[in-house]
Amino acid sequence: MTVYSVAQIRIKDRSEYDLYAAQFMDVFAKFKGTVLAADFEPKAVIGEWDADRLVLLSFPDEAAFAEWATSEEYKEIAKHRIAGADLTSWLAKGIDA
């Protein structure tokens, strides 16, 4: 079943976050995910938006998500994201027809 990773990001150290962002796609490309959206200006249509960036990823299943999220390659660059931004992330199951 397809899963979606949704991240709300609040940048606290731009230089650290930029180190992460510069390496993200090279690492992500090695895995089975797809970047569906990465927006610095998401538009709230209901409620308030108080973060700097929204990222939406899809994976064929939860195992594929875990393979990426727990990989040594991702952990190596994630240290820059952790230093550079506060993150709230959700994993949501898709609806397979």
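The paragraphs below set out a description of the structure included in this document. (Residues numbered from 1 in each chain as written. Predicted model: local features only at pLDDT ≥ 70, side-chain atom pairs only at ≥ 80, totals over all residues. Heavy atoms only, no water.)

For helix α3 (residues 72-84), spanning 13 residues, the distance from its first C-alpha to its last is 19 Å, which sits close to the expected 18 Å at 1.5 Å a residue. Its axis deflected by about 30 degrees at alanine 78, α3 carries its strongest bend there. Residues Tyr74, Ile77, Ala78, His80, Arg81 and Gly84 constitute the buried set of α3. On its buried face, α3 sits against β1 (3-11), α1 (14-28), α2 (62-69) and β4 (85-93). (Helix = DSSP H or I, 4+ residues; strand = E, 2+ residues; numbered from the N terminus. Expected span 1.5 Å × (residues − 1). Bend = angle between axes of the 7 residues up to and from the residue. Buried < 20%, exposed > 50% of the residue type's maximum accessible area, 1.4 Å probe, protein only. Contact = heavy atoms within 4.5 Å.)

Our focus in this paragraph is the nonpolar core. Counting 19 residues, the largest nonpolar core has Phe24, Leu57, Phe59, Trp68 and Tyr74 as its most contacted members. Mapped by element, the contributors of at least two residues to this core are β1, α1, β3 (53-59), α2 and α3. A per-element tally of this core places α1 first, with five residues. In this structure, tyrosine 74 is in contact with Tyr20, Phe24, Val27, Trp68, Ala69 and Arg81, ignoring residues within four places of it in sequence. (Core = buried A, V, L, I, M, F, W, Y, C linked by side-chain atoms within 4.5 Å.)

This paragraph deals with the environment of proline 42. Looking at the secondary structure, you find proline 42 in the loop between β2 (34-39) and β3. For the pair proline 42 and leucine 54, spaced twelve residues apart in sequence, the C-alpha separation works out to 6.6 Å. Contacts of proline 42, omitting those with residues within four sequence positions, involve Trp49 and Leu54.

Honestly, it's all geometry; don't read function into it.
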